[in-house]
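# Working through the structure, step by step
Spelled out from the first residue to the last, the chains are:
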Amino acid sequence: MCDVTVALWPAPLAGGPVHAAVQVPGSKSITNRALVLAALSQGQAHLLRPLRSRDTELMATALRALGAVVDAMPDGGWQVGPAKLHGPAVVDCGLAGTVMRFLPPVAALCDGPVEFDGDPRARERPMRTVLAALRHLGAAVDGDSLPFTVHGRGGLRGGPVELDASASSQFVSGLLLAAPRFAEGIDVRHVGGPLPSVPHIRMTVAMLRAAGAVVDDTAPQRWRVAPGPLATGGLEVEPDLSNAAPFLAAALVTGGEVCLRGWPRSTEQPGDALRDLLTRMGGDCRFSGEGLVVRGTGRVHGIDADLRDVGELVPTIAGVAALADSPSTLRGIGHMRGHETDRLAALANELNALGGDVTDDADGLVIRPRPLRGGVFGTYADHRMATTAALLGLVVPGIEVEDVETTAKTLPGFVELWDRMLGRAA
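Note that the coordinates shown come from a computational prediction; the quantities given were computed from them, not determined experimentally. (Residues numbered from 1 in each chain as written. Predicted model: local features only at pLDDT ≥ 70, side-chain atom pairs only at ≥ 80, totals over all residues. Heavy atoms only, no water.)

## Comments concerning the layout of surface pockets
In this structure, the largest pocket occupies an estimated 180 Å³ of space. For the largest pocket, the full set of lining residues is Gln23, Val24, Pro25, Gly26, Arg49, Pro50, Glu236, Val237, Glu238, Pro239, Arg261 and Gly262. Across the lining of the largest pocket, the residue classes tally to five nonpolar, three polar and four charged. (1 Å grid on protein atoms, 1.4 Å probe; cavity = no way out; pocket = protein on both sides within 12 Å on 5 of 7 lines; lining within 4 Å. Points joined across faces, edges and corners; volume = space filled by probe spheres on them. Nonpolar A, V, L, I, M, F, W, Y, C, P; charged D, E, K, R; others polar.)

Next up, the structure:
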């Protein structure tokens, strides 16, 4: 529900087809993985064009607390020196899943206690799996959710471990990123329900290999990382393709054309699935010399899709589906109830409050398009709820967005970028 004490942002109407070229900042997923790998490497690393947002600043601050040197560079990048890992330290996770799940394995390498806490909602997010895995690997951990303390002993045995990562692929990625520093490396087996966001694990594996780690992922649901040194050197961060979603979708829902500059021809980012999803929903997607161009064709179609691997795209796809000419079923996304908010319930609540007809169940969303009306759209401190509301506001008059500044979690300056796309920026 909306907190009426929070300032409301009137989402601007497009007033016609949107035609724009947009440059979004770097990928949060790549930036935070790169920061961890750089801190665990032997030499200096330079991150070019990283995302500078609340989530990544929390990661940088936490790594400094653990002994890493993370310096801002004049070019907007970060220079990262190898960490002399130590405690005692305190880590503020905010609401960042990457911080709360990637850093406990790093904290186990420290010499001394490391206390973790975060925003109130962060205390509700699943953590038990990765903390239990750390205990099995030889770490001492007090607690099963935020707040918790990892009592570092200067190293970790590592070795084989089984876990159920069906609630979050970040449980696997967090263990893999630190594994080259474990005495025995790691042998992770996923045992449980369907694994969500598998592309994010592939991203972790690719970045580990690029840093010199030996990773064997040939067996299904199993990842083995050998102990050994890391060296990251220079790394250029790709644009955040998931954050590009509402901008590209703007072309579809307004019948316009938007170019996302710098879209890579080959990438491990799950956001690359937008090319297929927006095409299926009525768009025309093609590469140009500048990047990816999405053109609206004047029709928006419903979709039946398993979005298990691309949960971060669901809010945008749900927003488009609410404006479509036929129903949509978005499946395989029950794990999203443990994201920044219960995204399934939040999307159903807010779309229905605008006159929509959305049902959420254990597996996903069923969206039956209805004419939408204006009103306050609650964001639940969730950045992707805010950008979905902005997308709807392009074609639905009178939508007011609660706490649009929550977008600073992964996309600082969102309002300015949105206005610039619409030709409204000063």
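## Quick notes on empty space enclosed by the protein
All chains considered together, the criterion is met by three cavities of 30 Å³ or more. In this structure, the largest cavity occupies an estimated 390 Å³ of space. Forming the boundary of the largest cavity are 31 residues, of which Lys28, Gln170, His200, Glu312 and His339 lie nearest the centre. For the lining of the largest cavity, the class distribution of residues is four nonpolar, 16 polar and eleven charged. When its volume is computed, the second largest cavity comes out at roughly 70 Å³.

## Topic: the sheet that holds strand S18 (residues 304-306)
The strands that make up a sheet pair up through hydrogen bonds in the backbone, lying either parallel or antiparallel. Strands sit in the order S18-S19-S21-S20 across an open sheet of four strands; the sheet is mixed. A strand with exactly one partner marks an edge of an open sheet, and here the two such strands are S18 and strand S20 (357-360). Averaged over all pairs of adjacent strands, the angle between strand axes in this sheet comes to 10 degrees, irrespective of strand direction. Where S18 and strand S19 (residues 328-331) come together, three bridges link them in parallel fashion. Considered in S19, the bridge of Asp306 is made with Arg331. Across the face of the sheet, helix H10 (residues 343-353) comes into contact with S20 and strand S21 (365-368) while running at roughly 160 degrees to S20. (Pairing = 2+ DSSP bridges. Helix = DSSP H or I, 4+ residues; strand = E, 2+ residues; numbered from the N terminus. Axes fitted to C-alpha atoms, helices over the stretch in contact; angles between N-to-C directions. Contact = heavy atoms within 4.5 Å.)

## So, the side chain of Thr316
One can find Thr316 in helix H9 (residues 314-321). In this view, Thr316 contacts Ala245, Pro246, Ala249, Thr388 and Leu391; residues no more than four positions away in its chain are not counted.

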